[in-house]
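# Summary of the model geometry
Listed below, chain by chain, are the residues.
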Amino acid sequence: MQILFTSVGRRVELIQEFKSAAERLDIDLTIHGTDITDTAPALAFCDKIHIVPKIRDERYIPVLSELCAQEQIDLL
């Protein structure tokens, strides 16, 4: 399963809980995280990191859409 979390920022606990649940349920999980900078703390806990434009940028949705298609994201 491929899950994409957007604007991960400091949501470290959220990422950790998803990983923990996947392990308990024996689910093969890849967590993708996006943010506007590579210094967002939660990105360190993601399996794949993607730097994207700001939410108000007109390219934001197209970039996410393309990312979902390329990475075969199951859940956004």
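Structural notes, computed from the coordinates. (Residues numbered from 1 in each chain as written. Predicted model: local features only at pLDDT ≥ 70, side-chain atom pairs only at ≥ 80, totals over all residues. Heavy atoms only, no water.)

### Points about the nonpolar core
Under the convention used in this document: We call a set of buried Ala, Val, Leu, Ile, Met, Phe, Trp, Tyr and Cys residues a nonpolar core when their side-chain atoms join them within 4.5 Å. Classification of residues uses two cut-offs on accessible area relative to the type maximum, computed with a 1.4 Å probe and protein chains only: under 20% is buried, over 50% is exposed, and between them is partly exposed. Note on conventions: DSSP H or I runs of at least 4 residues are helices, E runs of at least 2 residues are strands, and numbering of each starts at the N terminus. Two residues form a contact once any of their heavy atoms are found within 4.5 Å.
If you look at the biggest cluster of nonpolar residues, it comprises 12 residues: I3, F5, V8, V12, I15, A22, L29, I31, A40, A42, L43 and C46. Of all the secondary structure elements, the ones that give two or more residues to this core are β1 (2–5) and α1 (12–24). Sequence-distant contacts of V8, defined by excluding residues within four places in its chain, comprise I15, G33, T34, D35, A42, L43 and C46. Counting 7 residues, the second largest nonpolar core, distinct from the first, contains L4, V52, Y60 and L64.

### Regarding the packing of aromatic side chains
Put simply, the rule reads: In summary, the pairing rule links any two rings of Phe, Tyr or Trp, Trp by its six-membered ring, whose centres are within 6.5 Å, and it sorts them by plane angle into stacked for under 30 degrees, edge-to-face for over 60 and tilted for everything else.
Per the counting criterion, the structure on display carries 1 aromatic pair. Seen in terms of ring centroids, F5 and F18 are 5.0 Å apart; in terms of plane orientation they differ by 80 degrees. Their pairing is edge-to-face. Of this pair, F5 sits in strand β1 while F18 sits in helix α1; the two residues are 13 residues apart in sequence, bridging distant segments of the chain. Overall, the relative accessible area of 32% leaves F18 in the partly exposed class.

### Points about the state of the cysteines
Convention followed: Here, a disulfide means two cysteine sulfur atoms that sit within 2.5 Å of each other.
Tallied over the entire structure, the rule returns 0 disulfides. No disulfide involves C46; its nearest neighbouring cysteine sulfur is the one of C68, lying 14 Å away. The class for C68 is buried, based on a relative accessible area of 18%.

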